[in-house]
Amino acid sequence: MFARFTQDARRAVVRAGIHALDAGRPALEADLMLLGLAEVRPFSLPSFTVSAADVRERVAPGDARALLATLGIDLDEVRRRTRAGADDPGLWRLRRSRVRPLRVTLYGPLGEIPLAMHARKVIEVARCRPGPVTGERLLWGLLADHSNGAARILYDSGVNLRRLVREAGILARQAA
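Residues numbered from 1 in each chain as written. Predicted model: local features only at pLDDT ≥ 70, side-chain atom pairs only at ≥ 80, totals over all residues. Heavy atoms only, no water.

So, about the pattern of salt bridges. Counted under the stated rule, the structure contains seven salt bridges. Between Asp31 and Arg25 there is a salt bridge; the shortest N-O distance is 2.9 Å. In this structure Asp31 comes out as buried when scored by relative accessible area, which is 17%. Because the salt bridges share partners, they merge into one network encompassing Arg15, Glu39 and Arg56. (Salt bridge = Lys/Arg side-chain N within 4 Å of Asp/Glu carboxyl O. Buried < 20%, exposed > 50% of the residue type's maximum accessible area, 1.4 Å probe, protein only.)

Moving on, we come to the packing of aromatic side chains. Overall, the coordinates contain two aromatic pairs when judged by the stated rule. Both rings, one in Phe2 and one in Phe5, keep their centres 5.0 Å apart while their planes meet at 75 degrees; by these two values the pair is edge-to-face. The ring of Tyr107 carries Arg95 above its face, with NZ or CZ at 5.5 Å from the centroid. (Phe/Tyr/Trp six-rings, centres within 6.5 Å; stacked < 30°, edge-to-face > 60°. Lys NZ or Arg CZ within 6 Å of the ring centre and 35° of its normal.)

Before going further, it helps to spend a moment on the nonpolar core. Counting residues in hydrophobic clusters, the biggest one holds 45 residues, and the most contacted among them are Phe5, Met33, Phe48, Leu138 and Leu139. At the level of elements, helix H1 (7-23), helix H2 (30-40), helix H3 (52-59), strand S2 (104-108), helix H6 (117-127), helix H7 (135-144), helix H8 (150-156) and helix H9 (161-174) are the ones that each hand at least two residues to this core. Sequence-distant contacts of Met33, that is, excluding residues within four places in its chain, are made with Val13, Ala16, Leu28, Ala119, Val122, Ile123 and Leu142. (Core = buried A, V, L, I, M, F, W, Y, C linked by side-chain atoms within 4.5 Å. Helix = DSSP H or I, 4+ residues; strand = E, 2+ residues; numbered from the N terminus. Contact = heavy atoms within 4.5 Å.)

Moving on, we get to the packing of H1 against H2. Where H1 contacts H2, the axes come no closer than 8 Å and their chain directions differ by 130 degrees. Put simply, H1 runs oblique to H2. Between H1 and H2 lies a crossing whose hand is right-handed. Residues Asp8, Arg11, Ala12, Val13, Arg15, Ala16, His19 and Ala20 of H1 touch H2, and the partners they reach there are Leu32, Met33, Leu35, Gly36, Leu37, Glu39 and Val40. For the contact of H1 with H2, the class distribution of residues is nine nonpolar, two polar and four charged. (Axes fitted to C-alpha atoms, helices over the stretch in contact; angles between N-to-C directions. Parallel < 35°, antiparallel > 145°, perpendicular 65-115°, else oblique. Left-handed = near helix turned anticlockwise from the far one by under 90°. Nonpolar A, V, L, I, M, F, W, Y, C, P; charged D, E, K, R; others polar.)

Next comes the structure, spelled out in structure tokens:
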């Protein structure tokens, strides 16, 4: 499924998957897809003014840093040493189950995680038109589903949603 994704769009989905695996979540949710987009920024949309730190604050992916720090363990250093190259998008695959067509799973060197319904919808909306799947299309997929919470996170972070929808919609259509 990643064949049509641009490198940066793949990187955003992989970052979201890594966050979900790190947090011990049972599935990749749309809120972490937004965090992946905020970190990678696979587009140049002036109205996407939210920072990755703002999204991380509202998403709370879970972090064991404080607990491990009390034991004298630096989690960032452990991850640097044990995960060298694991975030390379070329090592990750996004596949739909042949037996269960609504099940889409992200596979990579750190593990596998199924996409929750709202995250799967993001991918489906981004892939619905011919052409490459870009960061703008992923954002459009997030904004197209009002029930996934992404718009609320962006609004609470001070993003002008009307302007963002206009910009993302125009660029998503041009990519088709």
